[in-house]
Number of protein chains: 2
Amino acid sequence: MEYDKILPDIIKATDSKILLVVLDGVGGLPNIETGKTELETAHIPFLDEMAEGSSCGLTIPVLSGITPGSGPGHIALFGYDPIETQIGRGVLECLGIGVPLGRDDIAIRGNFATISPDRIVLDRRAGRIATEENQKIVSLLSEKIKEIAGVNVSIYTVKEHRCAIVLKGKGLHPSVSENDPQKEGQPLKPIKALDSQSEKTAEVLRKLESQVMEALKDVDTKAKGLLFRGISKLPDIKGFSEKYKLHSACIATYPMYKGVAKVVGMDIIEGCDTIESEIGALQEIYNRYDFFFLHIKKTDSYGEDGNFDAKVKILEEADTYLRNIKKMKFGAIAITGDHSTPSLMRSHSWHPLPLLINSPYAIPDDVKRFTERECAKGILGRIHSKEIMYLLLAYALKLDKFGA
Amino acid sequence: MEYDKILPDIIKATDSKILLVVLDGVGGLPNIETGKTELETAHIPFLDEMAEGSSCGLTIPVLSGITPGSGPGHIALFGYDPIETQIGRGVLECLGIGVPLGRDDIAIRGNFATISPDRIVLDRRAGRIATEENQKIVSLLSEKIKEIAGVNVSIYTVKEHRCAIVLKGKGLHPSVSENDPQKEGQPLKPIKALDSQSEKTAEVLRKLESQVMEALKDVDTKAKGLLFRGISKLPDIKGFSEKYKLHSACIATYPMYKGVAKVVGMDIIEGCDTIESEIGALQEIYNRYDFFFLHIKKTDSYGEDGNFDAKVKILEEADTYLRNIKKMKFGAIAITGDHSTPSLMRSHSWHPLPLLINSPYAIPDDVKRFTERECAKGILGRIHSKEIMYLLLAYALKLDKFGA
């Protein structure tokens, strides 16, 4: 990012505190009957009051028209370019189930598959075995396979036919071709290193592939082998303390968001399972950090379910609890989402979504409600999500002047 | 910049004239008592009338959240990328005091410092000696040190402990490490060439360092040596005549802005010290140029002083004199600033600031006032300052079609 060239010269640590509230999937589309979006329908007096006293705008998660997954959506909110800094699918799978990853570990998505003894892939999902069966197989494999060529191998159940694999050891690099032929009736593809640094990873995975087949040969299950996908490592990026001189904390209920926050070096506050407990945690840790990422998940889940009314309700619930942040003092607050999840679409979408920035140095504009159409009139205009962190740093007076 | 790839093919010289009015630090923040910004408070009928008849918008000086110094602020307004094209601090110091610089000269900021005979830096500012003492020392040194290794050395007083040094000669490059240890009680750092081209500059500076110490050894002053900082050269860029085919003039009252204008090849119109005299100069030279950069300084100075009322007054004064530009014919006029300087902050800031573009080919929008919040509603939206020059060229019909 262009910021990288100048940030080290202008960033400074100060006492001011920054709060980033992410209402996951907050943006929506009009209800076909009422013509109003979820936010326009909801009674959200606190968010509206905040919008009225803040600078508002719309934020584009990645690029116009691009619908982000949770990874890119959050990486952008954390001030990294979501296209330059991609988190591999193996890493995301591990983060999603809360598996800790070290900088040098290799993370892989695994599919249990039905594979014939002569290596033909008969069913890429092993008949979508039940999660319980997956757990039994994983515990059997974990018993038999602990180390290959000096590399520690761990296998974790995700669900149904899906698992995650972590390789821990020296000299591992992730540029390795996958064995998944993508089509059934085809043989397993050979696992090859795509650069010389990745030879060892390829060797370990080839051995793992055959040891798994050997171990499952006589077991009563459709899972007869493993397809390796999304072979990856944590991205090599500067974390929040080095990049922004921030001591940062993540308050979230789901492993995925804690995981992405961990990738950028945030401390993870554990034990939150409701919005109420998240706000409680924020109050509790307020004195110990200078950056807080507060993630509210359910707005997204109900959007994905296509449940317009439930999404409205959860927005109202969030609004009630969020009012408590008024009791705490922040140099700058942003309230936004990582992407839109319109109930109408039952999925993430590319639509720009509301953003407000509250600070003593923010010009309040004409926006009176925290909605898509109102925020479109705001003084911040339309920005990209990756810019938000730099605005927060500016509004919290943590950036020196660039150039004399 | 992306424009560089196509500009040479589409730029053309024409008779139309362009005026760029820069109200330094024009943007502001709401007064805590009234809720109105400086521009919203000021009676500026001419600027408002211009806004009403123009296309308006907000301009981001560098990047969202980045507060520019005068160098990057103006380089962007002149159509160069302010991150790619950085002006070194030594060059800015020279420009700020009006020292002429050639393309191949090395410019350096100097600090007179108290340095022990065994090279320990005791006081990096030599007790902030008075400017008069600085002048005496500079004249003594200038007497004794005129040339080193065939390179012409000139030293200029800036103020207090600060001076500027210019090296003129062949084969000089600025990639040289600084001798400033940054901390007191530490020895001078060795001056080293950071690339092979810069060996000669390093040699000259090492000799200059010891000759200055020798010359000041027995003088009754705390200044016992020189710290060299911001060793730099003019940026290697195309000037206005080559880049834009424009014959351009700068009307400004302060050396810094004349200096930056000179970097991009403008002719400097000397002898202006008030807004009135600047407008007079514009009328006088109107026939001789096709691009005019008119810089009004005091809006920034009063912002930096935190003097809200004085900033309002100077905006009103500028408004009165600027009305005279209506008598002259321009193909395109832009009125904007290089950055905001809110009185509330007593400093430059990152906030986007008002911009209007007036031309027979500009669509007047709903904006009725030349203010931050009104211009936010304008048809130009939010653009980056580095785009303004290309818009001016377009509105003045100096750009051909790109592609067939």
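Parameters and conventions
- Residues numbered from 1 in each chain as written.
- Chains lettered and ligands numbered in written order.
- Predicted model: local features only at pLDDT ≥ 70, side-chain atom pairs only at ≥ 80, totals over all residues.
- Helix = DSSP H or I, 4+ residues; strand = E, 2+ residues; numbered from the N terminus.
- Contact = placed C-beta atoms within 7 Å.
- Nonpolar A, V, L, I, M, F, W, Y, C, P; charged D, E, K, R; others polar.
- Least-squares fit on C-alpha atoms with pLDDT ≥ 70 in both.
- Axes fitted to C-alpha atoms, helices over the stretch in contact; angles between N-to-C directions.
- Left-handed = near helix turned anticlockwise from the far one by under 90°.

1. Here we look at the environment of Ile379(B)
Residue and element names in this part refer to chain B.
Next, step 1: Structurally, Ile-379 can be placed in the loop between helix H13 (372–375) and strand S14 (381–384).
Next, step 2: Counting along the chain gives 323 residues from Ile-379 to Cys-56, while the straight-line C-alpha distance between them is 5.9 Å.
Next, step 3: Not counting the four nearest positions on each side in its chain, Ile-379 is found in contact with Ser-55, Cys-56, Ile-363 and Asp-365.

2. Quick notes on the interface of chain A and chain B
Next, step 1: On the side of chain B, 24 residues touch chain A, which itself brings 20 residues to the contact.
Next, step 2: When contributions to the side of chain A that touches chain B are tallied by element, the ones reaching two or more residues are strand S14 (381–384) and helix H14 (388–395) of chain A.
Next, step 3: Ranked by the residues each element gives to the side of chain A that touches chain B, the list is headed by H14(A), at four residues.
Next, step 4: Here the side of chain A that touches chain B is composed, by residue class, of 13 nonpolar, two polar and five charged.

3. Side note on the relation of the copies chain A and chain B
Next, step 1: With an RMSD of 0.1 Å, the fit of chain A onto chain B corresponds to turning through 123 degrees and sliding 0.1 Å along the axis. Both copies are brought into coincidence by an operation consistent with a three-fold rotation axis.
Next, step 2: Taken together, the interface assignments show that only 5% of the residues at the interface of chain A recur at the interface of chain B, consistent with different surfaces on the two copies.

4. Digging into the packing of helix H6 (residues 131–144) of chain B against helix H7 (residues 199–216) of chain B
All names here are of chain B.
Next, step 1: Axis separation between H6 and H7 bottoms out at 11 Å; the angle between their running directions is 115 degrees. At the point where H6 passes H7, the crossing takes the right-handed sense. Between H6 and H7, the residues in contact are Ile-137, Leu-140, Leu-141 and Lys-144 and Val-212, Ala-215 and Leu-216, respectively.
Next, step 2: Among the residues forming the contact of H6 with H7, the class breakdown is six nonpolar, no polar and one charged.

5. A word on the environment of Leu101(B)
Residue and element names in this part refer to chain B.
Next, step 1: In this structure, Leu-101 sits in the loop between helix H5 (89–96) and strand S3 (106–115).
Next, step 2: Note: C-alpha distance between Leu-101 and Asp-273 (172 residues apart in sequence) is 23 Å.
Next, step 3: When near neighbours in sequence (up to four residues on either side) are disregarded, Leu-101 contacts Val-91, Cys-94, Ala-107, Val-166 and Leu-234.

Spatial relationships are all this shows, so hold off on functional conclusions.
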